[in-house]
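Below are the chains, spelled out letter by letter.
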Amino acid sequence: MSYLFQDWQSNRKNFKGQLVLFMFRLASLINRSMIAKVIFILYLLFYRYLVEWIWGIEIPRKTKIGKGLSLFHGQALVINQGVVIGDNCTLRNSTTIGHKKLADGTFSRCPRIGNNVDIGANVVIIGDIEIGDNVVIGAGAVVTKSIPANSVAVGNPARILDKKETAANA
Ligand SMILES: CC(=O)SCCNC(=O)CCNC(=O)[C@H](O)C(C)(C)COP(=O)(O)OP(=O)(O)OC[C@H]1O[C@@H](n2cnc3c(N)ncnc32)[C@H](O)[C@@H]1OP(=O)(O)O
Ligand SMILES: N[C@@H](CO)C(=O)O
């Protein structure tokens, strides 16, 4: 049962975030077993219909996400199922995290995001890249290259702020 509620505390006073992530965890749990997928097919369709089509939040049930995800607002959030997200991260509205189409027509791997990563609103993170632990990504950033741990990245293309430039690193 604690598996289903692992994001509850990090979304306190935010019932929408709690509900979406409870539904995501339940869909992920069902996804682990073929028998469960057959038995609960209607739930999986309901998850997709409500969360994806109605609320506009695409978090596929196969996505690997660590505990304690915070989800603010969430609408227009699209995460590719190949993305890996660590523990205690934050996602906001109008954000896309996914792959890049390569010159040969194939698709790259998706980003791997570490622990305690805070991703602002309107962010795009694409490609075979790694975002280190304790990174802050500013609102509106477009990230196509890896970001080292303990840094703040802003802008399009994203650049890393000097430590002295940012209160987030104080
Ligand atoms: C409905 C809602 O409320 S949804 C919530 C939306 N909020 C978010 O998404 C929060 C995201 N947070 C940010 O983008 C913040 O600006 C942070 C965390 C990146 C940086 O915050 P701070 O540490 O306070 O940095 P500060 O404001 O002092 O700016 C430092 C420098 O970075 C620049 N900068 C800060 N944020 C950004 C950004 N998102 N994009 C581009 N440049 C930025 C500033 O212009 C400044 O540059 P300068 O030194 O050349 O003047
Ligand atoms: N408090 C939220 C905005 O509503 C955040 O930090 O994103």
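Residues numbered from 1 in each chain as written. Chains lettered and ligands numbered in written order. Predicted model: local features only at pLDDT ≥ 70, side-chain atom pairs only at ≥ 80, totals over all residues. Heavy atoms only, no water.

A.B. asks: Pulling in residues and values, what's your account of the sheet that holds strand β8 (residues 112-113)?
C.D. replies: Pairing in this open sheet of four strands is parallel, and the strands run β2-β5-β8-β11 from one edge to the other. Among the strands making up the open sheet, the edge pair consists of β2 (64-65) and β11 (130-131). One ladder, built from two bridges, connects strand β5 (residues 84-85) with β8; its direction is parallel. Bridged to Ile 85 within β8 is Ile 113. (Pairing = 2+ DSSP bridges. Helix = DSSP H or I, 4+ residues; strand = E, 2+ residues; numbered from the N terminus.)

A.B. asks: Lay out the site of ligand 2 with the relevant residues and their values.
C.D. replies: Residues in close proximity to ligand 2 include Phe 72, His 73 and Arg 92, which together make up its full environment. At 2.7 Å from an oxygen atom of ligand 2 is found a side-chain nitrogen or oxygen belonging to His 73. Take Arg 92: an N or O atom from its side chain is 2.4 Å from an oxygen atom of ligand 2. When isolated, ligand 2 has an accessible area of 230 Å², and the protein chains bury 50% of it. (Near = heavy atom within 4 Å. Polar contact = N/O pair within 3.5 Å; in protein donor to acceptor, adjacent residues only side chain to side chain. Areas by Shrake-Rupley, 256 points an atom, 1.4 Å probe, with all protein chains shown as cover.)

A.B. asks: Residues and numbers for the layout of surface pockets, please.
C.D. replies: Over the atoms, a rolled probe matching the size of one water molecule traces out where space is still vacant. If you add up the space inside the largest pocket, you get close to 180 Å³. Around the largest pocket, the lining residues are Leu 44, Tyr 47, Arg 48, Glu 52, Glu 58, Ile 59, Pro 60, Arg 61, Lys 62 and Gln 81. Of the residues in the lining of the largest pocket, the class split is four nonpolar, one polar and five charged. For the second largest pocket, the calculated volume is near 150 Å³. Every residue along the wall of the second largest pocket is listed here: Tyr 3, Phe 24, Arg 25, Ser 28, Asn 31, Arg 32, Arg 61, Lys 62, Thr 63, Lys 64 and Ile 65. For the lining of the second largest pocket, the element with the most residues is helix α1 (residues 15-31), which contributes four residues. (1 Å grid on protein atoms, 1.4 Å probe; cavity = no way out; pocket = protein on both sides within 12 Å on 5 of 7 lines; lining within 4 Å. Points joined across faces, edges and corners; volume = space filled by probe spheres on them. Nonpolar A, V, L, I, M, F, W, Y, C, P; charged D, E, K, R; others polar.)

A.B. asks: Could you give me a rundown of the packing of aromatic side chains, with the residues and numbers involved?
C.D. replies: The way to describe two aromatic rings as a pair is by their centre distance and the angle between their planes. As enumerated under the stated definition, the model contains four aromatic pairs in all. Aromatic side chains Phe 5 and Trp 8 sit 5.0 Å apart centroid to centroid with 70° between the ring planes, which places their arrangement in the edge-to-face category. A relative accessible area of 34% means that Phe 5 is categorised as partly exposed. Taking relative accessible area as the criterion, Trp 8 reaches 28% and is therefore assigned partly exposed. For the ring pair Phe 5 and Phe 22, a centre distance of 5.1 Å and an interplane angle of 50° mean the geometry is tilted. Taken together, the positions of Phe 5 in the segment before α1 and Phe 22 in helix α1 put the pair 17 residues apart, joining distant regions of the chain. Taken together, the aromatic side chains of Phe 5, Trp 8, Phe 15 and Phe 22 make up a single cluster linked through ring pairs. (Phe/Tyr/Trp six-rings, centres within 6.5 Å; stacked < 30°, edge-to-face > 60°. Buried < 20%, exposed > 50% of the residue type's maximum accessible area, 1.4 Å probe, protein only.)

A.B. asks: Hey, could you go over the UniProt feature "transmembrane region" (unreviewed entry) in the chain for me, with residue numbers and the actual values?
C.D. replies: When the UniProt feature table is mapped onto this chain numbering, "transmembrane region" (unreviewed entry) sits at residues 20-46. As a span, residues 20-46 carries 89% helix and 0% strand, and end to end its C-alpha atoms are 12 Å apart. (UniProt positions renumbered as here; feature names shortened; annotations may be inferred.)

A.B. asks: Describe the nonpolar core, listing the residues and the values that go with them.
C.D. replies: One finds Ile 59, Leu 91, Ile 113, Ile 119, Ile 125, Ile 131 and Ile 137 to be the most contacted residues of the largest nonpolar core, which totals 38 residues. If you list the elements that add at least two residues to this core, you get α1, α3 (41-54) and β4 (77-79). By residue number, the principal contributor to this core is α1, which donates six residues. Residues within four places of Ile 131 in sequence aside, it is in contact with Arg 112, Ile 113, Gly 114, Val 117, Ile 125, Ile 137, Val 143 and Ile 147. (Core = buried A, V, L, I, M, F, W, Y, C linked by side-chain atoms within 4.5 Å. Contact = heavy atoms within 4.5 Å.)

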